[in-house]
Amino acid sequence: MTASVVRLGLFDPPNDVFAAVMFHYATLPRIIVALVAGASLGLAGAVMQSVLRNPLASPTTLGVASGAQFALALAALAGPAAAFLPREAWSFLGALAAAGLVYVVGKRHQFDPARLALGGMAISLFLSAAAAALVLFNEQRLAFLFLWGSGHLAQSDWTSATVIASILAAALAAMLMSSRAIGLLAVGDQIAGSVGLRAETARILILLVAVALTACVVSRIGVVGFVGLAIPAIVRLCRPRSVVATLLASAGLGALALFTADALAQLLSTMSGRLVPAGALTALFGAPVLFLLLARTSLASRPNPATRSFAGTFADAGKSLPVGLAAALVLVAAAALFVGRTGAGWEILDPAADGALFLARLPRVLGALLAGGAIALSGLLVQKIVGNELASPELLGISNGAAAAIVFAALAFGVLSRGALLLCGFAGASLATLLVLWFARRHRDQIAAVLLAGIALGVFLDSIVRIALANASMQATALLTWMSGSTVLVSLPETLALGLLLAVAVAIVLGFCRALTLLDLGAELSRALGLRGRVAQTLGLVLAALLASAATMVIGPLSFVGLIAPHLARLVRARRLVEQTLATVLIGAIVMTLSDWIGRVGLTPWQVPGGLVAGLLGSLGFILLIGRKPAGEPGQRRWSPRLRRAKATGPDRSLPHLGHHAIRKQGHRT
Amino acid sequence: MAFAPILDARVPVASAAAGAASFQLKNAGYAVAGTRILAPLDLAIPAGRFVALIGHNGSGKSTLLSLLARQLVPSEGEIAFAGKSLVSYGQRDFARRIGWLPQQPPAAANMTVAEVAKLGRYPWRGAFMRHGEDDRRAVAEALTKVGLAGMSERAMTSLSGGERQRAWLAMLLAQQPACLLLDEPTAALDMKHQLEVLKLLQRLRGEHELTIVMAIHDIGMAIRFCDHLVALKAGRPIFAGSPEALAKPDVLSGIYDLPIGTVRPSEAGPTVVYPL
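Thresholds, definitions, all that
Residues numbered from 1 in each chain as written. Chains lettered and ligands numbered in written order. Predicted model: local features only at pLDDT ≥ 70, side-chain atom pairs only at ≥ 80, totals over all residues. Heavy atoms only, no water. UniProt positions renumbered as here; feature names shortened; annotations may be inferred. Helix = DSSP H or I, 4+ residues; strand = E, 2+ residues; numbered from the N terminus. Rg over C-alpha atoms; globule rule 2.2 N^0.38 Å. Contact = heavy atoms within 4.5 Å. Buried area = accessible area lost by both parts, 1.4 Å probe. Salt bridge = Lys/Arg side-chain N within 4 Å of Asp/Glu carboxyl O. Expected span 1.5 Å × (residues − 1). Buried < 20%, exposed > 50% of the residue type's maximum accessible area, 1.4 Å probe, protein only. Pairing = 2+ DSSP bridges. pLDDT = per-residue confidence, 0-100. Axes fitted to C-alpha atoms, helices over the stretch in contact; angles between N-to-C directions. Patch = residues over 30% accessible without salt bridge, like charges linked within 9 Å, V, L, I, M, F, W, Y side chains within 5 Å. Areas by Shrake-Rupley, 256 points an atom, 1.4 Å probe, with all protein chains shown as cover. Core = buried A, V, L, I, M, F, W, Y, C linked by side-chain atoms within 4.5 Å. Phe/Tyr/Trp six-rings, centres within 6.5 Å; stacked < 30°, edge-to-face > 60°. Lys NZ or Arg CZ within 6 Å of the ring centre and 35° of its normal. Parallel < 35°, antiparallel > 145°, perpendicular 65-115°, else oblique. Left-handed = near helix turned anticlockwise from the far one by under 90°. Nonpolar A, V, L, I, M, F, W, Y, C, P; charged D, E, K, R; others polar.

Chain B appears in an unreviewed UniProt entry as ABC transporter ATP-binding protein from Jiella mangrovi. As stated in UniProt under Subcellular location (unreviewed entry), the record for chain B gives "Cell membrane". Entered under Sequence similarities (unreviewed entry) in the UniProt record, the comment concerning chain B runs "Belongs to the ABC transporter superfamily."

Shown next as structure tokens:
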């Protein structure tokens, strides 16, 4: 690239100088797009974090970006039928729907930071599972989604640059004009209200602008993770003096970040001869930066202990609960083994008549069942050890660690035995676990920081896997099948080994249940009672990592069962640790077996991977769980007499209340 | 006699009367990243007494308690309990002698009162040993002592602040330690519950020959209930002695850098401390 090319190509390139034309229609727009898109995302993230008073808010963590992406995929599938609206409009509608849903969930919990981010993540997990399902059935028409979905910035004209730049300019002007309102909202609703700002309206209007900005970027270049989350976090660490400074610095740094990422991506693409999308690179670099910054600073949000008041005692489910769940599991497993579906209709398998089919199904059903139990137990362990019920191997990046290690081993060494892959997965999961544990220990009170670090780790590993898979030719197909959680590859000896592992793990957990109960009280008090917390934590996490990696081998990294099963167990009133463990394992097994079966028979002749179905069901269930009203608010009392009794027994122990907001509204007898 | 097993672990009462120390700090100090929080200090905490740690915010009360409870490790010097260095105790061995409660105990949202009290048996039975008759008796007795026997199946979250504090005290009693370390046990309570908890502590100290070390902000309460007071100022001890010696305007004014007056409305009644 010479100066003359730049001079010629800058404004009106002469048609006969190819380099100048390239510069004008490809290089220059690409640079501009990187700059304005990065600025847009940084600005959108900064605005969301300010008005929601939530360091975890961002276009990606609130599900806004996946909403836009999913709507775009649907519009692409609909083809001409959706052509009456431009794709920016579809993208905006999708983003708006997702944002609205998250907003409703968040409002019910007074915008508790972790709760809101979790709602957003649940929605984006659900949408990405749904998008994966769409891709599975429409490979031809949507294959571009995978590539484009990770933020590919190649340009061939000025359309994207113009569209994003004009929306950014409008949004920036609007935000700067309302900077005083943003500043008030960032201080708090009461203060804002007391000086005469209608907080709710102002927040919604401001968020609308951020959502539109996100939707515009997604419709043009796809989902670029992490700029919206990490950039404002970095800016905040420098303690900007005013709202205007925060917004401008976020926009500027965002532009710089995406530009750098894209330049690096182009460089890497040229060097390796493979396509490296910039979005993957932002995650690759943004995640560790955020992780390190978080490790060096302390967020000021110390969650108050939950103090919910209600009169009474617990009504424990007792021993009948595990028995009932076991019966349900047997029922589901029998259905999965014997009930199948062909093109003609439903059929009951007779094992005597068709032994081969039975033998083919057996490892698959057993594998799903045991893997579900294993990931559920892993989830319970992680929640006890990290000390928070929002943690799970999937959310803390532990499953991603296993997946990344397995993918890399498969790509680097070619065909490996499943045993060797399991070892690699265990190594990866352990490494991820250690990182999270180290982090959780440093930030004991700051679960928001721990979750954020976990997400960062997960996204980081996921982006590595994406880059690797985008460029791996043949092996990729098999790996993709596995990543989406297909149980087809499981063999009978493997399921037996998994069963043995699960049995040993359950025995260990039950044996150590006193120590685990103590861990629940936090490191300090358990130490004061004579527990060697560090040893107990480390052993527990090793066990959790082993279970998670073994389960990941069978059902892929994103089943969501590890998060949802312990919650469901609490929902059926398994309170004491022994019951909780049994119920969690059984529920995990039930959910996974059911998912695998639904995936097999639901859309015959297609087979949907069980992990994908579990991801869909699990995230959907979790959205509903999160959306429930917190305890003690009027909304819950009118539900039913049964719930009134449940109030006496401890209402809604499904989720911990992390914020102090939830406490304010309750009649707290002191 | 449920509390029999640990009598031998305790400092004899006679030596307490003679002023024997339970905790002995030798030049022990604490610093974080170069910032001194507690200056190296020599301090003896007499055994069998109800000791109050007082001082302004940030004076190092909580840090001192955490050091005594082994929650923090002194960055210099040494601390001994009953003549043995703190480091030399095993984890559960230590917990059998010293009970500690943080300023904000965890919510224990899904536990009952009895289950919380039972946690106190962990130092004695560990993760595997079966709970026997004397464990059950120790828990029941602890619940009776704090007056929660009738509420043992209640959920922790259903209790009032004072009741919750007493449930945690029941756990400490079931632990049967020789010494209790409490970080502002009355901070979150109203006046009635403050009195209730302090009276309970005073009674328990007498019944079990306990040493109690407690950080507290309310000097009036400290003078009224405690029999030995240690005042810290900017990480250094500036007073140690009896309530009578402390309840003087010039002593108090020196501790808080604030003109303070005291008055005793009646001979039998408590001393009232007020800023001028």
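We are not done yet, so read on.
(A) Molecular detail of the overall build of chain B. When you go through chain B residue by residue, the secondary structure sums to 11 helices and 12 strands. Taking 276 residues into account, the globule formula puts the C-alpha radius of gyration at 19 Å, and chain B, at 19 Å, falls close to it. Dimensions of chain B, computed from C-alpha atoms along their principal axes, come out at roughly 55 × 40 × 40 Å. Expressed as a percentage of contacts within chain B between residues at least 6 apart in sequence, the contacts between residues at least 24 apart total 66%.

(B) Main features of the interface of chain B and chain A. Facing the 45 residues of chain B at the interface are 33 residues of chain A. Together, Q91(B), N110(B) and Y122(B) form the three largest contributors to the area buried by chain B at its contact with chain A, with a combined 20%. Here chain B is connected to chain A by two salt bridges. In this structure, the salt-bridge partner of R575(A) is E115(B), at a minimum N-O distance of 2.8 Å.

(C) Region of interest: helix α8 (residues 191-208) of chain B. All names here are of chain B. With 18 residues, α8 should reach 26 Å at 1.5 Å per residue; the first-to-last C-alpha distance of 26 Å fits that figure. Elements in contact with the buried residues of α8: β3 (50-55), α6 (133-145), α7 (161-174), β7 (179-183), β8 (211-215) and α9 (219-225). Phi turns positive one or two residues past the end of α8, at E209, with a value near 50°.

(D) A look at the UniProt feature "domain: ABC transporter" (unreviewed entry) in chain B. The sites that carry the UniProt feature "domain: ABC transporter" (unreviewed entry) are, in the present numbering, residues 23-259 of chain B. Secondary structure across residues 23-259 of chain B comprises 38% helix and 26% strand; the distance between its end C-alpha atoms is 32 Å.

(E) Summary view of helix α15 (residues 355-386) of chain A. Residues and elements named next belong to chain A. The end-to-end C-alpha separation of α15 is 46 Å, in line with the 46 Å expected for 32 residues at 1.5 Å each. Most of α15 is tucked away: 26 of the 32 residues are buried. One or two residues past the end of α15 sits G387, with phi positive at roughly 80°.

(F) Seen up close, the sheet that holds strand β5 (residues 84-85) of chain B. Residue and element names in this part refer to chain B. What the four strands build is an open sheet, ordered β2-β1-β4-β5; its pairing is antiparallel. One side of each edge strand has no neighbouring strand; the edge strands of this open sheet are β2 (35-46) and β5. As defined by bridge partners, strand β4 (residues 76-81) adjoins β5 across two bridges and the pair is classed as antiparallel. If you follow A80 over to β5, its bridge partner there is S85.

(G) View of the confidence of the model for chain B. All names here are of chain B. Looking at chain B, the pLDDT average stands at 85 and 93% of residues meet or exceed 70. Within chain B, the lowest mean pLDDT, 38, falls on helix α1 (residues 13-17), and the highest, 94, falls on β8. Low pLDDT (under 50) marks residues 1-18, which in the prediction has 23 contacts with non-local residues, meaning those over four places away or in another chain. Our summary of model confidence lists the complex with pTM equal to 0.75 and ipTM equal to 0.78.

(H) Local environment of the sheet that holds β7(B). All names here are of chain B. Taken in spatial order, the six strands line up as β6-β7-β8-β3-β9-β10 in an open sheet, and their pairing is mixed. One side of each edge strand has no neighbouring strand; the edge strands of this open sheet are β6 (98-101) and β10 (236-241). Looking at each pair of strands side by side, their axes are set apart by 15° on average, direction ignored. Relative to β10, strand β9 (residues 228-233) is paired through five bridges, and the arrangement is antiparallel.

(I) A look at the side chain of S526(A). Residue and element names in this part refer to chain A. By secondary structure assignment, the location of S526 is in helix α22 (residues 523-528). A relative accessible area of 0% places S526 in the buried class. Every residue in contact with S526, bar those within four places of it in the chain, is listed here: L518, L519 and L531.

(J) The arrangement of a nonpolar patch on the surface in detail. All names here are of chain A. On the surface, L264, L267, L268, M271 and F285 cluster together to form a nonpolar patch covering roughly 480 Å² of accessible area. It is helix α12 (residues 243-272) that contributes the most residues to the nonpolar patch, four residues altogether. In this structure, L267 sits in helix α12.

(K) Highlighting the nonpolar core. Counting 160 residues, the largest nonpolar core has F23(B), L181(B) and L201(B) as the members making the most contacts within it. Looking at this core element by element, the count peaks at 12 residues for α15(A). Look past the residues within four positions of F23(B) in its chain and what remains in contact with it is L43(B), A44(B), I45(B), L68(B), I79(B), A80(B), F81(B), L86(B), I98(B), C179(B) and L181(B).

(L) Summary view of the packing of aromatic side chains. Residues and elements named next belong to chain B. Throughout the structure, instances matching the rule amount to six aromatic pairs over all chains. Summarising the aromatic geometry, the rings of F23 and F81 are spaced 4.8 Å apart at their centres and angled 50° between planes, so their arrangement reads as tilted. One end of the pair, F23, is in strand β1 (residues 21-32); the other, F81, is in strand β4, with 58 residues separating them in the sequence. Of the residues examined, F23 reaches a relative accessible area of 0% and is grouped as buried. In textbook terms, an aromatic cluster arises when at least three aromatic residues are bridged by ring pairs, as seen for F23, F81, Y89 and F94. One Lys or Arg, R70, reaches over the ring of F94 and ends 4.4 Å from the middle of that ring. Taking NZ or CZ as reference, R96 lies 5.5 Å from the ring centre of W124, over its face.

(M) Spotlight on the environment of A174(B). Residue and element names in this part refer to chain B. Within the element layout of this structure, A174 appears in helix α7. Taking relative accessible area as the criterion, A174 reaches 0% and is therefore assigned buried. Spatially, the C-alpha atoms of A174 and G34 are 39 Å apart, while their sequence positions differ by 140 residues.

(N) Layout of the packing of helix α14 (residues 320-338) of chain A against helix α25 (residues 577-601) of chain A. Residue and element names in this part refer to chain A. Contact pair α14 / α25: the axes reach a minimum separation of 9 Å and the direction vectors enclose 20°. What the angle tells us is that α14 and α25 run roughly parallel. The two elements α14 and α25 meet at a crossing, and its hand is left-handed. Facing α14, whose interface residues are L321, P322, L325, A326, A328, L329, V332, A333, A335 and A336, α25 presents L582, A583, L586, I587, A589, I590, T593, L594, W597 and R600. In terms of residue class, the contact of α14 with α25 is built from 18 nonpolar, one polar and one charged.

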